[in-house]
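# Secondary and tertiary structure notes
Residues per chain are reported as follows:
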Amino acid sequence: MLELAMFEKILVAVDGSKSSIYALDYAANIAYQVKSELAIISVPESLPPFIGESEEVSPAYVSQFHEHLYKELEIIQKEQLNRLSEVYPELRISSKVRD
């Protein structure tokens, strides 16, 4: 078993992919064992610069694209928070979608 005071907070990035959910589960298990806080972070992808600067792509489209990704990540985080809260009811979990 891991040393109890090894980690105060464990940060894990989640984008909804299978590998990020696997990493989240692994981190949650460790955080639970060592009584640490689990912090989940997600960051929406940016459009490649050549698309964002294109005259054919309006700034409104870029903004809508970013907003859509932001909302999708919020949904993913909420689903994972609910799932983990059932598995580890005593685990302290925080989450944030960053710009």
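Just above sits the structure.
Residues numbered from 1 in each chain as written. Predicted model: local features only at pLDDT ≥ 70, side-chain atom pairs only at ≥ 80, totals over all residues. Heavy atoms only, no water.

Before going further, it helps to examine the sheet that holds strand β2 (residues 37–42). Here three strands make up an open sheet; going across it, the order is β1-β2-β3 and the pairing parallel. Across the chains shown, the open sheet's two edge strands, defined by having one partner strand only, are β1 (9–13) and β3 (92–97). If you compare each strand with its neighbour and ignore which way they point, the axes differ by 20° on average. Two elements, β2 and β3, share six bridges in a ladder whose sense is parallel. (Pairing = 2+ DSSP bridges. Helix = DSSP H or I, 4+ residues; strand = E, 2+ residues; numbered from the N terminus. Axes fitted to C-alpha atoms, helices over the stretch in contact; angles between N-to-C directions.)

Where two aromatic rings form a pair, the distance of their centres and the angle of their planes describe that pair. Applying the stated criterion across every chain yields a total of two aromatic pairs. Their ring planes at 40° and their centres at 5.0 Å tell us that Tyr 32 and Tyr 88 sit as a pair that is tilted. With Tyr 32 in helix α1 (residues 18–34) and Tyr 88 in the loop between α3 (59–87) and β3, the pair connects residues that are 56 residues apart, well separated along the chain. (Phe/Tyr/Trp six-rings, centres within 6.5 Å; stacked < 30°, edge-to-face > 60°.)

Helix length check: α1 (17 residues) gives 25 Å between terminal C-alpha atoms against 24 Å at 1.5 Å per residue, within 8%. Buried within α1 are the following residues: Ser 20, Ile 21, Leu 24, Ala 27, Ala 28, Ile 30, Ala 31 and Val 34. The inward-facing, buried residues of α1 contact β1, β2 and α3. At the exit of α1 stands Lys 35, carrying a positive phi of roughly 60°. (Expected span 1.5 Å × (residues − 1). Buried < 20%, exposed > 50% of the residue type's maximum accessible area, 1.4 Å probe, protein only. Contact = heavy atoms within 4.5 Å.)

Attention shifts here to the nonpolar core. Core analysis: the biggest nonpolar cluster contains 18 residues, and Leu 24, Leu 38, Ile 40 and Leu 84 have the highest contact counts within it. Among the elements of the structure, β1, α1, β2 and α3 are those that each provide at least two residues to this core. Per element, the largest residue contribution to this core is seven residues, and it comes from α1. Residues within four places of Leu 24 in sequence aside, it is in contact with Val 12, Val 14, Leu 38, Ile 40, Gln 80, Arg 83 and Leu 84. (Core = buried A, V, L, I, M, F, W, Y, C linked by side-chain atoms within 4.5 Å.)

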